[in-house]
Amino acid sequence: MNFSLIGAGRLGKSLAFSLLHDDLGELRDLCNTTLASAHTATKRLGAGRPISSLTKLKDTDILWITVPDEHIAAIANTLAEQHILKPGTVVVHCSGVLSSAVLNPLTQLGCHTASLHPFKAFSLNQLDPNAFQGCYCALEGAPNAINTLSPLFKQLGAVLITIEPEKKAVYHAAAVIASNYLVTMAAISTKLLVEAGIDAAVAKRMIHQIMQSNLNNIEQAITPESALTGPIARGDTHTIKRHIKALNEASIRQLYATAALATLPLTQLEAAQQQEMRKLLRACQEINVTGP
Ligand SMILES: NC(=O)c1ccc[n+]([C@@H]2O[C@H](COP(=O)([O-])OP(=O)(O)OC[C@H]3O[C@@H](n4cnc5c(N)ncnc54)[C@H](OP(=O)(O)O)[C@@H]3O)[C@@H](O)[C@H]2O)c1
């Protein structure tokens, strides 16, 4: 089996590296807007022909579209309008939010289309042969595409789950909250530790450590809620008031209040206690809308 890729970014390179490492296909073309990046990627992978134009793509069994989501539809349209692919080609994109329907122009020409989204954050320059080991991947699309992709990903060690195409947006919102916003929380809380006088490198390690301990607790707990600790879980209004007073930046105060409001229903606090805290936090949100 051979495959080609459009998009030599974080996911594209990782995917190609894993498939090549496990001898699950031969890389034909690696198409990327910036030709130099395609060259660098093929050198790093030790395989593939670097190209920068879709019209240069040669026949392939599987075509991976690993470009940013907003470019997928235009690429599918160009491939279809110019009859670049032969019928029977499996065409897959990796967007979390878009379904395989965005590839419909190619389906109409006899290609087998799918979306396969790895529920994982791939870093910029690390190529890990085990990147897909134990990685949940949400797959949906045409039966022929699923039948081709399932055995490949099982061999990579991935855990495949099916997803309804119309549920992809809510599915992907979950991924973004857990993945991207964890990074947001890490950045903001590191900044606050620095504001408290702690060295930046130490602050980064401290935040990583406390996040890791919570991740471990979540892993061991039956539900995420039961891993909750801290002043909201304890109903400690005095501490919350002190935090709000200490937070100088309006946007951080707003984030704190919004996250605290979302945390309240996860606690075992009595209704009256929850109500008192809700009032305090809502007032804090109000101040932020008009205040500094
Ligand atoms: N990164 C992740 O952790 C992750 C996880 C799951 C799913 N995904 C999905 O994977 C896809 C790619 O994401 P990514 O993070 O790998 O993106 P990325 O690192 O930004 O890489 C995108 C690559 O696509 C190239 N590109 C953009 N438009 C193109 C076009 N029209 N033709 C050819 N090449 C084009 C870019 O080239 P230039 O640099 O020359 O512009 C770049 O090399 C997205 O659908 C994303 O949702 C990503």
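Predicted, not measured: the structure shown is a model, and the values here were computed from it.

Cut-offs and rules
Residues numbered from 1 in each chain as written. Predicted model: local features only at pLDDT ≥ 70, side-chain atom pairs only at ≥ 80, totals over all residues. Heavy atoms only, no water. Domains from an automatic or database assignment. Contact = heavy atoms within 4.5 Å. Buried area = accessible area lost by both parts, 1.4 Å probe. Salt bridge = Lys/Arg side-chain N within 4 Å of Asp/Glu carboxyl O. Polar contact = N/O pair within 3.5 Å; in protein donor to acceptor, adjacent residues only side chain to side chain. Helix = DSSP H or I, 4+ residues; strand = E, 2+ residues; numbered from the N terminus. Nonpolar A, V, L, I, M, F, W, Y, C, P; charged D, E, K, R; others polar. Phe/Tyr/Trp six-rings, centres within 6.5 Å; stacked < 30°, edge-to-face > 60°. Buried < 20%, exposed > 50% of the residue type's maximum accessible area, 1.4 Å probe, protein only. Lys NZ or Arg CZ within 6 Å of the ring centre and 35° of its normal.

### Remarks on the domain arrangement of the chain
So, step 1. Partitioning the chain into structural domains gives domain 1 (2-163), domain 2 (166-227) and domain 3 (230-292).
So, step 2. For domain 1 and domain 2, the distance between their C-alpha centroids amounts to 30 Å.
So, step 3. Contacts between the two partners involve twelve residues from domain 1, matched on the other side by seven residues from domain 2.
So, step 4. A combined buried area of about 810 Å² lies between domain 1 and domain 2, and 67% of that area is made up of carbon and sulfur atoms.
So, step 5. It is Val97, Phe119 and Ile163 that lose the most area in domain 1 upon contact with domain 2, and together they represent 54% of the buried surface on that side.
So, step 6. Counting across the domain 1 and domain 2 interface gives zero salt bridges.
So, step 7. Scanning the region where domain 1 abuts domain 2 turns up four residue pairs in polar contact (both at pLDDT 80 or more).
So, step 8. Elements represented by at least two residues in the side of domain 1 that touches domain 2 include exactly β6 (112-118) and β7 (136-141).
So, step 9. Taken together, the residues that form the side of domain 1 that touches domain 2 break down as six nonpolar, five polar and one charged.

### Comments concerning the packing of aromatic side chains
So, step 1. Applying the stated rule across the entire model yields four aromatic pairs.
So, step 2. Taken together, a centroid distance of 5.8 Å and an interplanar angle of 55° make the contact between Trp64 and Phe153 tilted. Here the residue Trp64 occupies a position in strand β4 (residues 62-65), and Phe153 occupies one in helix α5 (residues 143-155), the gap between them amounting to 89 residues. Across the pair, Phe153 and Trp64 agree in class, each one buried.
So, step 3. With a centroid separation of 5.6 Å and 45° between ring planes, the pair formed by Phe119 and Tyr171 is classed as tilted. Taken as a pair, Phe119 in the loop between β6 and β7 and Tyr171 in helix α6 (residues 168-195) lie far apart in primary sequence, 52 residues in all.
So, step 4. By relative accessible area, Phe119 is classed as partly exposed at 41%.
So, step 5. Overall, Tyr171 belongs to the buried group, its relative accessible area being 12%.
So, step 6. Among the aromatic side chains, those forming a connected cluster through ring pairs are Trp64, Phe122, Phe132 and Phe153.
So, step 7. Lys120 extends its terminal NZ or CZ atom over the ring of Phe122, reaching a point 5.7 Å from the ring centre.

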